[in-house]
Amino acid sequence: MFALRPEVPATVEVFVDGAPVRVPEGASAAAAVLLAGAAAIRETPISGAPRLPYCMMGACFDCLAEIDGVANRQACLVPAAPGMRIARQRGARVAFEA
Amino acid sequence: MTIDLAIIGAGPAGMAAAIEAADLGLSVAVIDENPAPGGQVFRGVERAGGDPALGADYAEGLALARAFRAAPIAWHPATTLWHLDPEEGYLSLDGAPDLSARRVLLATGAQERPVPILGWTLPGVMTAGAAQILLKTAGVVPAGRTVLAGQGPLLPLLAAQYRRAGAPPALILETTPRGRRRAALAALAAGGLWAGRHLLWKGLGLLAETRAIPRRRGVTGLRAEGRNRVERVVWEGGSAACDTLLLHEGVIPATHIPMALGLEMSWDAAQRCWRPVTDAYGASSHPNVAVAGDGAGIGGWEAAVAAGHLAALDAAQRLGRLSAEERDRRARPWLALRRRALALRPFLDALYAPAPASIPDATIACRCEEVTAGQVRAAARLGATGPNQMKAYLRCGMGPCQGRLCGPTVAALIAEARGTTEAAVGLYRPRAPYKPITVGTLARL
Ligand code: FES
């Protein structure tokens, strides 16, 4: 659970799992996910457990998300940009389904 | 075109090195994964450098970032180094065109030491450093009941910053064992008290500022509990409701690239981490590669600034722009600054020495592949003698983080199970690409 300090202007609108959220300039996509109050940014490929960003400095890869249609991006290293679409990444990507 | 010096990382060491090297007439390029200079300690400093909640120390990064911006260098933000050939000086980059450089300076800094406790993968649990980055880059603070747990200078600093920002934590759980204070004070009395007095003074100020926040000392058996996110933090003899749990057990050098390059490393027993072997100027075991800042051993930002200047002076000497005598003469003030900045280290290292692993079997050691401590112990007893064999047994270290988060834990567990030391067990040997890259990036080769 995170909130914006009242004196910080939120000027950039992005979409987290389709829902609009306003974040300040300089915020990362991972910060937007946390501000949106999302329950998870990804679900693990092994057990499907929910995860949110853990390190915010590019080391842990728990922030992997689908950003503007591109999967497996480190959301903590991607600056939020107007209109950006950040979607939860669910489990392993399936190459082929019979 | 081949440039003189490529610097990886625009934190205090990288920025200082770039400024000095450009001043000495070297052609310099700096790359960093982040969109702005600052590194982790000065993350977002151009945006938030004047924020009173973040404090005067953070504001000092502003002058450094401004001088860096003004220096005549090639700056490549949002760029990742995914391969380095040190023989040829060839850097493969994602986000900018590849580079050729006569000398390479790794200023890749530190990462937080992993804190493998039960429940540390639950949403709502993150590192204190991560939470501080949210505050610096976006003015984001935790809402609800926040618990800070662990040890190290970052915890009182973050508690004070949250308090100034109107979001004080509900509870601080200190894991420093009882009795450690006395040993640390003995280390302080043995030297460093006078030279390190300004740092000590700042530390005492932070403790005074956060005195009103409830705190438990000597906490053991820490774990996070909850169904789909953290709801409670539990320790030996207590528990508390919790919406956000922020963990911290100090920082360790980011060894990924030095290890992948095969640089000579040494085990730092005081800080319980690996560091590349360097001389006073940051030169590594490879003749074309230097390492400066926390990536060469944890010393903090002032020591990193000094190390950046020293590495730049050495680069100029090696590239024939400066005589050895001139390099040594110009190095003197930076060596003195570094000595002052490191004066408190023996005290901090003794006070905040990480406790040896007593990790319950059910704890996740490798977050990516969801491998538990018990699995690692069992495989170690079966015959996996080191982290690299452990990959074949359990896939730990083979997920997207490439072992950055589980490396120290897996090594400590193997050492424990086999009755040997972390120094003897060693670390994962990472390979390029240093970060996952797309097929598209590869196809551009
Ligand atoms: S949150 Fe750890 S890599 Fe992004």
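This structure is a prediction, so every number in the text was calculated from the model and none was measured.

## Points about the overall build of chain B
Then, number 1: The secondary structure content of chain B amounts to 16 helices and 22 strands.
Then, number 2: Relative to a compact globule of 445 residues, whose C-alpha radius of gyration would be 22 Å, chain B shows 22 Å and is just as compact.
Then, number 3: Principal-axis analysis of the C-alpha atoms places the extent of chain B at approximately 65 × 50 × 45 Å.
Then, number 4: In chain B, buried positions account for 60% of the 445 residues.
Then, number 5: Long-range contacts, defined as pairs at least 24 residues apart, comprise 68% of the intrachain contacts of chain B with a sequence gap of at least 6.

## Focus on empty space enclosed by the protein
Then, number 1: By the definition in use, this model includes one cavity of 30 Å³ or more.
Then, number 2: Space inside the largest cavity adds up to approximately 70 Å³.
Then, number 3: Every residue lining the largest cavity is listed: Tyr54, Cys55, Met57 and Ala59 of chain A together with Gln111, Glu112, Arg113, Pro114, Thr127 and Leu405 of chain B.
Then, number 4: Residues of the lining of the largest cavity, tallied by class, amount to six nonpolar, two polar and two charged.

## Considering the pairing of strand 11 (residues 171-174) of chain B
Residue and element names in this part refer to chain B.
Then, number 1: The alternating pattern of strand 11 places Leu171 and Leu173 and Ile172 and Glu174 on opposite faces, both of which are buried.
Then, number 2: Bridge count between strand 10 (residues 146-151) and strand 11: four bridges; the pairing is parallel. In the strand pairing of strand 11, Leu148 is matched with Ile172.
Then, number 3: Read from strand 10 through helix 5 (residues 154-164) to strand 11, the crossover connection turns out right-handed.
Then, number 4: Strand direction decides the pairing type here: strand 11 and strand 12 (residues 215-216), joined by two bridges, are parallel. When the bridges of strand 12 are listed, Leu173 appears paired with Arg216.

## Digging into the UniProt feature "domain: BFD-like [2Fe-2S]-binding" (unreviewed entry) in chain B
Then, number 1: What UniProt calls "domain: BFD-like [2Fe-2S]-binding" (unreviewed entry) maps, in this numbering, to residues 366-416 of chain B.
Then, number 2: The annotated region residues 366-416 of chain B carries 55% helix and 6% strand content, and the separation between its end C-alpha atoms amounts to 17 Å.

## Brief notes about unusual backbone geometry
Glycine aside, negative phi is the norm for most residues, and most peptide bonds take the trans geometry.
Then, number 1: The amide bond that connects Ala432 of chain B to the next residue, Pro433 of chain B, takes the cis arrangement and shows omega of -5°.
Then, number 2: With respect to the helices and strands, the residue Pro433 of chain B is situated in the loop between helix 15 (422-425) and helix 16 (439-443).
Then, number 3: Here the phi dihedral of Asn72 of chain A falls at roughly 65°; this positive angle occurs in a residue that is not glycine.
Then, number 4: If you trace the backbone, Asn72 of chain A turns up in strand 7 (residues 70-74).

The rules behind the values
- Residues numbered from 1 in each chain as written.
- Chains lettered and ligands numbered in written order.
- Predicted model: local features only at pLDDT ≥ 70, side-chain atom pairs only at ≥ 80, totals over all residues.
- Heavy atoms only, no water.
- Helix = DSSP H or I, 4+ residues; strand = E, 2+ residues; numbered from the N terminus.
- Rg over C-alpha atoms; globule rule 2.2 N^0.38 Å.
- Buried < 20%, exposed > 50% of the residue type's maximum accessible area, 1.4 Å probe, protein only.
- Contact = heavy atoms within 4.5 Å.
- 1 Å grid on protein atoms, 1.4 Å probe; cavity = no way out; pocket = protein on both sides within 12 Å on 5 of 7 lines; lining within 4 Å.
- Points joined across faces, edges and corners; volume = space filled by probe spheres on them.
- Nonpolar A, V, L, I, M, F, W, Y, C, P; charged D, E, K, R; others polar.
- Pairing = 2+ DSSP bridges.
- Right-handed = clockwise from strand over helix to strand, strands pointing away.
- UniProt positions renumbered as here; feature names shortened; annotations may be inferred.

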